[in-house]
Number of protein chains: 4
Amino acid sequence: MASDQPKDWRFKLHEVIYESNTPAGKAFDVGLLIAIFSSIIVVMLDSVVSIHLKYGKLFNITEWIFAALFTIEYILRLVSIRKPIRYVLSPLGIIDLIALLPSYLSIFFIGAQSLLVFRALRLLRVFRIFKLGHFLTEINFLTQALKNSVRKISIFLLTVLTITVILGSIMYLVEKRENGFSNIPESIYWAIVTITTVGYGDISPITPLGKFVASVVMLIGYAIIAVPTGIITHDIAVASRQKKEMPESCPSCSREGHDSDALFCKYCGSSLFK
Amino acid sequence: MASDQPKDWRFKLHEVIYESNTPAGKAFDVGLLIAIFSSIIVVMLDSVVSIHLKYGKLFNITEWIFAALFTIEYILRLVSIRKPIRYVLSPLGIIDLIALLPSYLSIFFIGAQSLLVFRALRLLRVFRIFKLGHFLTEINFLTQALKNSVRKISIFLLTVLTITVILGSIMYLVEKRENGFSNIPESIYWAIVTITTVGYGDISPITPLGKFVASVVMLIGYAIIAVPTGIITHDIAVASRQKKEMPESCPSCSREGHDSDALFCKYCGSSLFK
Amino acid sequence: MASDQPKDWRFKLHEVIYESNTPAGKAFDVGLLIAIFSSIIVVMLDSVVSIHLKYGKLFNITEWIFAALFTIEYILRLVSIRKPIRYVLSPLGIIDLIALLPSYLSIFFIGAQSLLVFRALRLLRVFRIFKLGHFLTEINFLTQALKNSVRKISIFLLTVLTITVILGSIMYLVEKRENGFSNIPESIYWAIVTITTVGYGDISPITPLGKFVASVVMLIGYAIIAVPTGIITHDIAVASRQKKEMPESCPSCSREGHDSDALFCKYCGSSLFK
Amino acid sequence: MASDQPKDWRFKLHEVIYESNTPAGKAFDVGLLIAIFSSIIVVMLDSVVSIHLKYGKLFNITEWIFAALFTIEYILRLVSIRKPIRYVLSPLGIIDLIALLPSYLSIFFIGAQSLLVFRALRLLRVFRIFKLGHFLTEINFLTQALKNSVRKISIFLLTVLTITVILGSIMYLVEKRENGFSNIPESIYWAIVTITTVGYGDISPITPLGKFVASVVMLIGYAIIAVPTGIITHDIAVASRQKKEMPESCPSCSREGHDSDALFCKYCGSSLFK
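Each value, and the rule that gives it
- Residues numbered from 1 in each chain as written.
- Chains lettered and ligands numbered in written order.
- Predicted model: local features only at pLDDT ≥ 70, side-chain atom pairs only at ≥ 80, totals over all residues.
- Heavy atoms only, no water.
- Helix = DSSP H or I, 4+ residues; strand = E, 2+ residues; numbered from the N terminus.
- Buried < 20%, exposed > 50% of the residue type's maximum accessible area, 1.4 Å probe, protein only.
- Areas by Shrake-Rupley, 256 points an atom, 1.4 Å probe, with all protein chains shown as cover.
- Core = buried A, V, L, I, M, F, W, Y, C linked by side-chain atoms within 4.5 Å.
- Least-squares fit on C-alpha atoms with pLDDT ≥ 70 in both.
- Contact = heavy atoms within 4.5 Å.
- Salt bridge = Lys/Arg side-chain N within 4 Å of Asp/Glu carboxyl O.
- Polar contact = N/O pair within 3.5 Å; in protein donor to acceptor, adjacent residues only side chain to side chain.
- Buried area = accessible area lost by both parts, 1.4 Å probe.
- Nonpolar A, V, L, I, M, F, W, Y, C, P; charged D, E, K, R; others polar.
- Phe/Tyr/Trp six-rings, centres within 6.5 Å; stacked < 30°, edge-to-face > 60°.
- Lys NZ or Arg CZ within 6 Å of the ring centre and 35° of its normal.
- UniProt positions renumbered as here; feature names shortened; annotations may be inferred.
- Patch = residues over 30% accessible without salt bridge, like charges linked within 9 Å, V, L, I, M, F, W, Y side chains within 5 Å.
- Domains from an automatic or database assignment.
- Lys, Arg positive; Asp, Glu negative; His and termini not counted.
- Charge placed at Lys NZ, Arg CZ, Asp CG, Glu CD.

Asker: Hey, could you run me through the overall build of chain A in this one?
Answerer: Secondary structure summary: chain A contains 10 helices and 0 strands in total. Beginning at the N terminus, the succession of helices and strands in chain A can be written as α-α-α-α-α-α-α-α-α-α. For chain A, the residues scored as buried account for 47% of the 274 residues in total. Accessible area of chain A: about 13,800 Å², with a carbon and sulfur share of 69%.

So, in structure tokens, the structure goes:
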């Protein structure tokens, strides 16, 4: 509890950067979100030829200002935390780093203009918004339900992929190369477009037999979409029941935000269950 | 209970305009619905060039008759209620006003023919139909379920938007400008068209790598549609359980139509729960 | 129980035509299904120009044989039942009559070749197949669930229609006539194509603002599909609970096939619930 | 328990080929999966004209090596099991045989290059992967839920097919041959494309009445997709309740992997329920 000088400013900085309970912390987070969105909008506008020709130079300068800002922020994050390595290796830390890299890589690889597109990855940082909006309970809840579903959903996706490979190969046989099904990977692409009910129409069956097979693919796609829905609906209900059994706030210190698999309060250490 | 003369006609008018229990009230509501639908159909037909050339003048006159009718109705609504300001600021009151404005604005802004299209907003008034059909319980029930879902659905939509921005940017890199992905906003539009399984086909991938990325987008879209469905299904079940615990009609006066969060009867004031 | 001669053959005929417990009854139903499917396939093939030119006359003769067969069957149905009026006015009776009419109407209205297409309505009779497969319990169950959903689904459909009318009108404003949105009904058609995620691509937005509005329509369509699903899933669960409380077979005489709202056995009259 | 020499190597072979508990068994399964995937990728690449021209001969040789490997594997499977007939007639055995045949048939029917496409059926063997990943419980669970749904889903599919036949025939009447609806089967294909919300756009309505009918088809398709989803969601919940009542591991010997309809442990024979 006794704190020497450097620990003190570090603690304050930590509160501003990592927490959002204080007015300063909230302002920092809101400012960060505005910077992220602005920088994404610059990337988007810069990709439009007519706008790039007019404002290209301005965008270039803006981009470097953003890069500098995010770099300073990243350094502050490293400085204000006790175990910076942990932050660097945490999911949010990795995202923060990935969002920084493209700007710097473009210096060394001058031709690598294409790397600039990866600045769109900065948008991933937008999920910090949920910290502001007290959405953590809902996020934990949804994450739990999706975790429960992962195995069943992957069985479902493997089945769908197998169906598309086999039906795609059959369509390659039925409709010939002339009708757009020019090879098996192309036919599988068509089968995925069809079974997911996207249906671009860039490739579509022309022969009567091909149309019959396509109808079967569509009806399969139409019927099996029900399976992942059923799985996730079920797992949301299960996660909801689990959540209900767990108190949202600690019965001892009444603080919230516990993980769904927590047994003890992470603030006061007392049992979350009576 | 003792009522002076003016209060009396106002009360009767209120009964006709705002209630639908009496024959006159029902007739008023049915007449209003017919007027709304007719005026919408006139707007639609007037937009068809060939019909406009033939009947344009007739439609113009009809339109002003409708505008006059709806204005009179709006004034009567204001007159027949005790706190007209409350009605004006209520959701239904705002809709009624919005539905009136376009006709009048077109006088002042003569060029603003385009404003006439906003007369379609009158259709919003059609939801009054539910008052006639005793659908209020179902509406309350669905509204409650959707309210419970709002936070989870907005997390879902933000995630989908982030995915489309990032995958759209990647597609802009993979497929070049020549293949229709002419800038990042355009690519994001494509990603939304694909992930929602709409699939117009106005922009579609051409290179093998682009088709591969597109397949991934489709499968993601196909699998994550299950998430909002699961959320809403769950929240409907929760809302249903809440409703069951609440009696539909007051146990004291047996009148219905209470809000889902009501604790006391809004007619007689006694507790809705024993 | 004592039966005179005519009653006897009528009873036997009734058993063959209306029941499917006896071998003769089963054979009659299977034969009928084969006749229905064959006649539908003839209608389909006859509509293909190249096949019509070759076998048109043969199809014409086949068609009249089917018409004769179905007429005889209809008469037998009338004769073998005690209250023929009831059958004529029952849903199945009306379908049987509608399936007969097109053939005869084409005699009187010689130009009305188009009426022949209505012979496809015969396919409606195919639902008799479920009598054979003991699907009645499942059908009753699904019908009950859908009945519970009717009001909520109609609120949903009215909401979707209102959204499409308003968004269609806005798109008519945003994208001009030149871009395919030639009038409001056309724009509404586009909005329905988009919100249901069908996405033909015959009309698609061209201006940036139009693409933005379209993206909003798609995301709305993508998110609200969850609503009817949630409603029906919930009502299936409710119908299932109701069914569980009701015994499938009568506890007194153990015969099955009771309506979901039955309180007493329709065969022996004893209560279905203890 | 006492085993003569031949029984011994057969038992060991069985353990390697059919089980995946031992390191050797696991390695065998992983190797098999790699071989299957490689052979599928060769089939895919071979169908691309430009790649076939370059590496066609190499692919031909690779293909024969794979055919030899899978033949040896099939023979080993027959040899290492006590009742080979049972394996041959089991679902996995039939798949293994089907995956072998195309290579050999192409020797006898030299023109039948098209048969080579059926080598894609080898992918069906990929479901062995689940044995490795301990997905058996999830697979049993999903299979059980789908089994419960079969009857209801088939009622649903028959209803959808009837709707598409009737609406397809009506569209053939409304839109004439000139607009792409050239015959009834074609119109039914269009109806399936539309009701499943695929929407290629290769055939789309042109007349106002046609567009109106199409809108109805789309809204029907949009609303009824909810039905199979509701059915499967419900049956997953039912299957989950059934599963919960059954212990996952035997209460006597604690081994897992019992079928969902098992009453006794298949390893020690004691009752799975107390």
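Asker: Any chance you could explain the nonpolar core here in plain terms?
Answerer: The nonpolar side chains of soluble globular proteins are, as a tendency, buried together. Among the nonpolar cores identified, the biggest contains 241 residues, and W190(A), W190(B), W190(C) and W190(D) are the most heavily contacted of them. When residues in this core are grouped by element, the largest group, 13 residues, is from helix α7 (residues 136-174) of chain A.

Asker: Would you mind showing me how to read the relation of the copies chain C and chain B here?
Answerer: Relating one copy of the chain to the other takes a rotation about an axis and a shift parallel to that axis. Expressed as a screw transformation, the operator carrying chain C onto chain B has a rotation angle of 90° and an axial translation of 0.0 Å, and the superposed copies differ by an RMSD of 0.1 Å. Taken together, the rotation and translation describe the operation of a four-fold axis.

Asker: Just to check I follow, could you spell out the environment of L97(A) for this structure?
Answerer: Residue position: L97(A) is located in helix α5 (residues 91-108). Under the relative-accessibility criterion, L97(A) is labelled partly exposed at 32%.

Asker: Where do I start with the interface of chain A and chain D in this structure?
Answerer: Interface size is commonly expressed as the accessible area that is lost once the parts come together. Counting from both sides, the interface comprises 45 residues of chain A and, opposite them, 50 residues of chain D. Inspection of the chain A/chain D interface yields 1 salt bridge. With a shortest N-O distance of 2.6 Å, E186(D) and K211(A) are connected by a salt bridge. At the junction of chain A and chain D, the tally comes to 7 residue pairs in polar contact (both at pLDDT 80 or more). Secondary structure elements with two or more residues in the side of chain A that touches chain D: α7, α8 (184-195), α9 (208-224) and α10 (226-245) of chain A. Here the side of chain A that touches chain D takes 13 residues from α7(A), the largest share from any one element.

Asker: So what exactly am I meant to see when it comes to the interface of chain C and chain B here?
Answerer: Each side of the interface is counted separately: chain C has 45 residues, and chain B has 50 residues. Of all residues in chain C, R151(C), I155(C) and Y222(C) give up the largest surface area on contact with chain B, accounting jointly for 18% of the area buried on that side. The interface formed by chain C and chain B includes 1 salt bridge. Secondary-structure elements contributing two or more residues to the side of chain C that touches chain B are α7 (136-174), α8 (184-195), α9 (208-224) and α10 (226-245) of chain C. Of the residues forming the side of chain C that touches chain B, the biggest block, 13 residues, is contributed by α7(C). Residues belonging to the side of chain C that touches chain B are distributed by class as follows: 24 nonpolar, 16 polar and 5 charged.

Asker: For this particular structure, what's the right way to read the packing of aromatic side chains?
Answerer: Aromatic ring pairs are defined here through the distance separating the ring centres and the angle between the ring planes. Here the structure, examined in full by the defined rule, presents 22 aromatic pairs over all chains. With a centroid separation of 5.9 Å and 45° between ring planes, the pair formed by Y74(A) and Y87(A) is classed as tilted. Placement of the pair is Y74(A) in helix α3 (residues 49-79) and Y87(A) in helix α4 (residues 84-89), with a sequence separation of 13 residues. Residue classification places Y74(A) among the buried positions, given a relative accessible area of 10%. Given the relative accessible area of 6%, Y87(A) is considered buried. The interplanar angle of 20° and the centroid separation of 6.3 Å between the aromatic rings of F66(C) and F70(C) together place this pair among those described as stacked. On the criterion of helical spacing, the pair formed by F66(C) and F70(C) is a turn pair, its members being 4 residues apart in helix α3 (residues 49-79). Note on accessibility: F66(C) and F70(C) belong to one class, buried. Every member of this aromatic cluster is reached through a ring pair, and the members are Y18(C), Y74(C) and Y87(C). The ring centre of Y18(C) lies 5.2 Å from the NZ or CZ of R77(C), which sits over that ring.

Asker: Help me out: how do you make sense of the side chain of R125(C) in this one?
Answerer: Residues and elements named next belong to chain C. Looking at where R125 falls in the secondary structure, it is placed in the loop between α5 (91-108) and α6 (129-132). Only 2.6 Å separates the side chain of R125 from the side chain of E73, close enough to count as a polar contact. Not counting chain neighbours up to four residues away, the residues in contact with R125 comprise L32, I36, F70, E73, R77, I95, D96 and A99.

Asker: How should the UniProt feature "transmembrane region" (unreviewed entry) in chain A be read in this particular structure?
Answerer: Residue and element names in this part refer to chain A. UniProt tags residues 30-49, 61-80, 92-118, 153-174 and 212-233 as "transmembrane region" (unreviewed entry). Secondary structure content for residues 61-80 is 95% helix and 0% strand, and the end C-alpha separation is 29 Å. The straight-line gap between the two end C-alpha atoms of residues 153-174 is 31 Å; of that span, 100% is helix and 0% is strand.

Asker: How should I be thinking about a nonpolar patch on the surface in this particular structure?
Answerer: All names here are of chain A. A cluster of nonpolar side chains, contributed by W9, I75 and V79, occupies part of the molecular surface with about 270 Å² of accessible area. Relative to the helices and strands, W9 is located in helix α1 (residues 5-18). With a relative accessible area of 42%, W9 lands in the partly exposed category.

Asker: When you look at the domain arrangement of chain A in this model, what are you seeing that I'm missing?
Answerer: Assigned domains within chain A: domain 1 (9-136) and domain 2 (153-245). Computed over C-alpha atoms only, the centres of domain 1 of chain A and domain 2 of chain A are separated by 38 Å.

Asker: Help me out: how do you make sense of the pattern of salt bridges in this one?
Answerer: Side chains that differ in sign of charge can pair as their charged atoms come close. If you walk through the whole model with that rule in mind, you get 28 salt bridges over all chains. The closest approach of N and O atoms between R125(C) and D96(C), which form a salt bridge, is 2.7 Å. Taken together, the positions of R125(C) in the loop between α5 and α6 and D96(C) in helix α5 put the pair 29 residues apart, joining distant regions of the chain. A residue is classified by how much of its surface remains accessible, and R125(C), at 3% relative accessible area, is buried. A relative accessible area of 3% places D96(C) in the buried class. Taking the shortest distance from any N to any O, the salt bridge between R77(D) and E73(D) comes out at 2.6 Å. Highlighted residues: R77(D) and E73(D), both in helix α3 (residues 49-79), separated by 4 residues, approximately one helical turn. What emerges from the salt-bridge pattern is a single network uniting E73(A), R77(A), D96(A) and R125(A).

Asker: Whenever I open this one, the environment of I34(D) confuses me. Can you help?
Answerer: Tracing the chain through its elements places I34(D) in helix α2 (residues 23-46). On a C-alpha basis, the gap between I34(D) and E138(D) in space is 24 Å, while along the polypeptide they are 104 residues apart.

Asker: Hey, could you run me through a positive patch on the surface in this one?
Answerer: Residues and elements named next belong to chain A. Judged by side-chain charge, R10, R82, K83 and R86 come together as a positively charged surface patch. Tracing the backbone through its elements, the reader meets R86 in helix α4. Using a relative accessible area of 61% as the deciding quantity, one classes R86 as exposed.

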